[in-house]
Amino acid sequence: MTQEKTQTDLYIRQLSFWPHLSTPEKTLLNNNTRTVRYAAGAQVHQGTLDCIGVLLVKSGQLRVYSLSEDGRDVTLYRIFAGDMCVLSASCVLQAITFPVNIDAEEDTEVLRIDAPTFRKLAQDNIYVRCFGYETAAGRLSDILWKMQQILFLSADKRLAIFLLEESAKTGSDTIHLTHEQIARYMGSAREVVSRLMKYFSQEGYVKTGRGQLQLLDKPGLQRLAGQD
């Protein structure tokens, strides 16, 4: 299977505007999209200093976060296989000026549509422009939810929500994350997560192990998270 055919298959599945592109626009998109691989830990996008384009994750995982002046970061959301990221092309979308940083959490392969190409398509095609803003609005909603959690929810409730959401994403009751990773994704401190994990284990909500944990009482976690 050629790279162009592989790209086109992904476009059909992931890009709602694909059927509304003209043949020249589809050619432009294919000719200016390339596969990029990032090693785990690599920086993919650096706030306002970058405008690398739109990312479609083929495999792996990216972490989108905000960085303070003193170097602290808050994870806003993560991007998994099949997900899109348009905030890495925020310079293309007027009125979207939210600067984010993006790192590869593991070895990751993406299709990257370069920013000038996406800008031209968005300018010329209303379907592309709507796709960009709708996708960005969805991500900004994720960011608002994360900020609401940090500002208004207790740490134990946030941890219960995180564990339930992580289980839903992976389709498994076993979560392969360390306390440090969980703290980073939650926007908390590792010591806080470790203390809460000990409490959750004592209460029978989870069973902890090295680099992983198992959810034992999801209804109990749901009650703690206010989801019952």
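See the structure printed just above.
Residues numbered from 1 in each chain as written. Predicted model: local features only at pLDDT ≥ 70, side-chain atom pairs only at ≥ 80, totals over all residues. Heavy atoms only, no water.

A. Here's a closer look at the packing of helix α5 (residues 155-170) against helix α7 (residues 190-202). Close contact between α5 and α7 brings their axes to 10 Å; oriented N to C, the two are set at 75°. One element, α5, and the other, α7, form an angle in the roughly perpendicular class. Here α5 contributes A155, D156, L159, A160 and L163 to the contact with α7, which in turn contributes V192, L196, M197 and F200. Partitioning the contact of α5 with α7 into residue classes produces eight nonpolar, no polar and one charged. (Axes fitted to C-alpha atoms, helices over the stretch in contact; angles between N-to-C directions. Helix = DSSP H or I, 4+ residues; strand = E, 2+ residues; numbered from the N terminus. Parallel < 35°, antiparallel > 145°, perpendicular 65-115°, else oblique. Contact = heavy atoms within 4.5 Å. Nonpolar A, V, L, I, M, F, W, Y, C, P; charged D, E, K, R; others polar.)

B. Just the nonpolar core, in detail. If you look at the biggest cluster of nonpolar residues, it comprises 41 residues, and the most contacted ones within it are L15, F17, L29, V44, L62, Y77 and F118. Among residues more than four places away in sequence, those in contact with L15 are L10, L29, M84 and F131. I175, Y185, M186 and Y205 belong to the second-largest nonpolar core, a separate cluster that totals 22 residues. (Core = buried A, V, L, I, M, F, W, Y, C linked by side-chain atoms within 4.5 Å. Buried < 20%, exposed > 50% of the residue type's maximum accessible area, 1.4 Å probe, protein only.)

C. Inspection of the pairing of strand β4 (residues 61-67) at higher detail. Across the seven residues of β4, five count as buried, placing the element largely inside the fold. In this antiparallel pair of consecutive strands, β4 and strand β5 (residues 73-80), the connection spans five residues, and G71 shows a positive phi of 95°. (Pairing = 2+ DSSP bridges.)

D. Here's a closer look at the side chain of R112. Tracing the sequence through the fold places R112 in strand β8 (residues 108-113). Salt bridges are absent for the buried R112, whose nearest opposite-charge side chain, D114, sits at 7.8 Å. A polar side-chain atom of R112 sits 3.0 Å from a polar atom in the side chain of Y38. (Lys, Arg positive; Asp, Glu negative; His and termini not counted. Salt bridge = Lys/Arg side-chain N within 4 Å of Asp/Glu carboxyl O. Polar contact = N/O pair within 3.5 Å; in protein donor to acceptor, adjacent residues only side chain to side chain.)

E. Geometry of the packing of aromatic side chains. Under the criterion given, the structure shown has four aromatic pairs. Relative to Y185, the ring of F162 lies with its centre 6.4 Å away and its plane at 35°, an arrangement referred to as tilted. In this pair, F162 is assigned in helix α5 and Y185 in helix α6 (residues 179-186), connecting sequence segments 23 residues apart. Comparing F162 with Y185, the two get one shared label, buried. Judged by centre distance (5.9 Å) and plane angle (55°), the ring pair of Y199 and F200 falls under tilted. Judged by its relative accessible area of 35%, Y199 falls in the partly exposed class. (Phe/Tyr/Trp six-rings, centres within 6.5 Å; stacked < 30°, edge-to-face > 60°.)

F. Summary view of helix α3 (residues 115-124). Residues A115, T117, F118, L121 and A122 constitute the buried set of α3. Buried residues of α3 fall within an arc of 160° about the axis and therefore sit on the same side. In α3, the exposed residues that point more than 90 degrees away from the buried face are P116 and Q123. Each element contacted by the buried residues of α3 is listed here: α2 (23-31), β3 (54-59), β8 and α4 (126-152). (Arc of directions from axis to C-beta.)

G. Looking closely at the pattern of salt bridges. Scanning all chains against the criterion turns up ten salt bridges. The salt bridge partner of R37 is E109, with a shortest N-O separation of 2.7 Å. Placement of R37 in strand β1 (residues 33-38) and of E109 in strand β8 is noted, with a sequence separation of 72 residues between them. In this structure R37 comes out as exposed when scored by relative accessible area, which is 63%. Owing to a relative accessible area of 16%, E109 belongs among the buried residues under this scheme.

H. Geometry of the sheet that holds β3. Ordered by their spatial adjacency, four strands build an open sheet running β1-β8-β3-β6, and the pairing between neighbours is antiparallel. Since the sheet does not close on itself, it has two edges, and those belong to β1 and β6 (84-85), each with one partner. Across two bridges, β3 lies against β6 in antiparallel orientation. Along β6, the bridge assignment pairs L55 with C85.

I. Layout of the side chain of E166. Looking at the element boundaries, E166 is found in helix α5. For E166, a relative accessible area of 4% translates into the label buried. Contacts of E166, omitting those with residues within four sequence positions, involve R78, I175 and L177.

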